[in-house]
Amino acid sequence: MTSADQRDQLLALAERCERTGRPDRSLDADIYEALGFTVRRKPTNLLAPRTPPGGIYQQGSLWKAIGRISAEIDVAVNIIRQKAPDWNWSLQSVATEEQTYEALVAGCSGQGALASLALCAALLKAFARRRIEQADS
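Residues numbered from 1 in each chain as written. Predicted model: local features only at pLDDT ≥ 70, side-chain atom pairs only at ≥ 80, totals over all residues. Heavy atoms only, no water.

J.: Provide a residue-level description of the overall build of the protein chain, including the pertinent values.
T.: Counting its regular elements, the protein chain contains 4 helices and 6 strands. Each helix (α) and strand (β) of the protein chain, taken in turn from the N terminus, gives the series α-α-β-β-β-α-β-β-β-α. Here the protein chain holds 137 residues, and the buried ones make up 35% of them. Contacts spanning at least 24 positions in sequence make up 46% of the contacts within the protein chain whose residues lie at least 6 apart. Of the accessible surface of the protein chain, which amounts to about 7800 Å², a share of 47% is contributed by carbon and sulfur atoms. (Helix = DSSP H or I, 4+ residues; strand = E, 2+ residues; numbered from the N terminus. Buried < 20%, exposed > 50% of the residue type's maximum accessible area, 1.4 Å probe, protein only. Contact = heavy atoms within 4.5 Å. Areas by Shrake-Rupley, 256 points an atom, 1.4 Å probe, with all protein chains shown as cover.)

Following this line, the structure appears as structure tokens:
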């Protein structure tokens, strides 16, 4: 996959985060994959209780349950700290007819129906910008 394809994938996921109104386990797995984690998804025909919802991802030599990044702010913040520890981030509530949230990660903004989705959108846009900068250098 080229740098441009990776960037486009990240931006498409950011758009999904901004459009959806609720967390989604498939979106969680897609975000982890786009951020460079090796992901094994839970087969839809497998209902074994020991397999975590959403699947597992590889971190070093360990396999861990995919975090609910689209639902939990702490999971998104931990990914930022792990993948880009020098990036600053912020999150705020926007009071309108429909309450929305706005996040800023490394100068990239994202919006969402949930704070976690806004943070994911901004995070994905920041990684897309990083891909562009790496391709240019």
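Next comes the rest of the account.
J.: Can you tell me about the nonpolar core, naming the residues and giving the values?
T.: Grouped together as the largest cluster of nonpolar side chains are 37 residues, with contacts concentrated most on Tyr32, Leu35, Ile69 and Trp87. Where this core is concerned, the elements lending two or more residues are α1 (3-19), α2 (25-34), α3 (73-83), β5 (100-105) and α4 (115-136). For this core, the leading source of residues is α4, giving 11 residues. (Core = buried A, V, L, I, M, F, W, Y, C linked by side-chain atoms within 4.5 Å.)

J.: Pulling in residues and values, what's your account of the packing of aromatic side chains?
T.: Tallying each qualifying case throughout the model produces 4 aromatic pairs. Ring plane angle 45° and centroid distance 4.7 Å describe the contact between Tyr32 and Tyr57, whose orientation is recorded as tilted. Here the residue Tyr32 occupies a position in helix α2, and Tyr57 occupies one in strand β2 (residues 56-59), the gap between them amounting to 25 residues. Like Tyr32, the residue Tyr57 is buried in the burial classification. A cation over a ring is seen here: Arg40 above Trp63, with NZ or CZ 4.1 Å from the ring centre. (Phe/Tyr/Trp six-rings, centres within 6.5 Å; stacked < 30°, edge-to-face > 60°. Lys NZ or Arg CZ within 6 Å of the ring centre and 35° of its normal.)

J.: Can you break down the pairing of strand β4 (residues 89-94) residue by residue, with the values?
T.: Examined bridge by bridge, β4 and β5 share 6 bridges and lie antiparallel to one another. The partner of Trp89 across the bridge, within β5, is Val105. Between β4 and the antiparallel strand that follows it, β5, lie 5 residues. (Pairing = 2+ DSSP bridges.)

J.: Tell me about the sheet that holds β5, residues and numbers included.
T.: Strand pairing in a sheet relies on backbone hydrogen bonds, with the paired strands running either antiparallel or parallel. Ordered by their spatial adjacency, 3 strands build an open sheet running β4-β5-β6, and the pairing between neighbours is antiparallel. A single partner strand is all that each edge strand has here, and the edge strands are β4 and β6 (108-112). In this sheet, neighbouring strand axes are inclined to one another by 20° on average, regardless of whether the strands run parallel or antiparallel. The sheet strands contacting α4 are β4, β5 and β6, and the helix crosses β6 at an angle near 150°. (Axes fitted to C-alpha atoms, helices over the stretch in contact; angles between N-to-C directions.)

J.: Pulling in residues and values, what's your account of unusual backbone geometry?
T.: A negative phi angle characterises most non-glycine residues, just as the trans form characterises most peptide bonds. In this model, Ala106 sits at a positive phi of 50°, which is unusual for a non-glycine residue. In this fold, Ala106 is placed in the loop between β5 and β6. By relative accessible area, which is 19% here, Ala106 ends up buried.

J.: Lay out the pattern of salt bridges with the relevant residues and their values.
T.: Enumeration over the complete set of coordinates arrives at 9 salt bridges. Residues Glu18 and Lys125 are paired through a salt bridge, measuring 2.9 Å at the closest nitrogen-oxygen approach. Within this pair, whereas Glu18 is found in helix α1, its partner Lys125 is found in helix α4, the two being separated by 107 residues in sequence. Where Asp28 meets Arg25, a salt bridge forms, and the shortest distance between an N and an O atom there is 2.8 Å. One end of the pair is Asp28 and the other is Arg25, both in helix α2 and 3 residues apart, which spans about a single turn. Ionic contacts of the salt-bridge type, sharing partners, join the residues Arg16, Asp30, Glu33 and Arg41 into one network. (Salt bridge = Lys/Arg side-chain N within 4 Å of Asp/Glu carboxyl O.)

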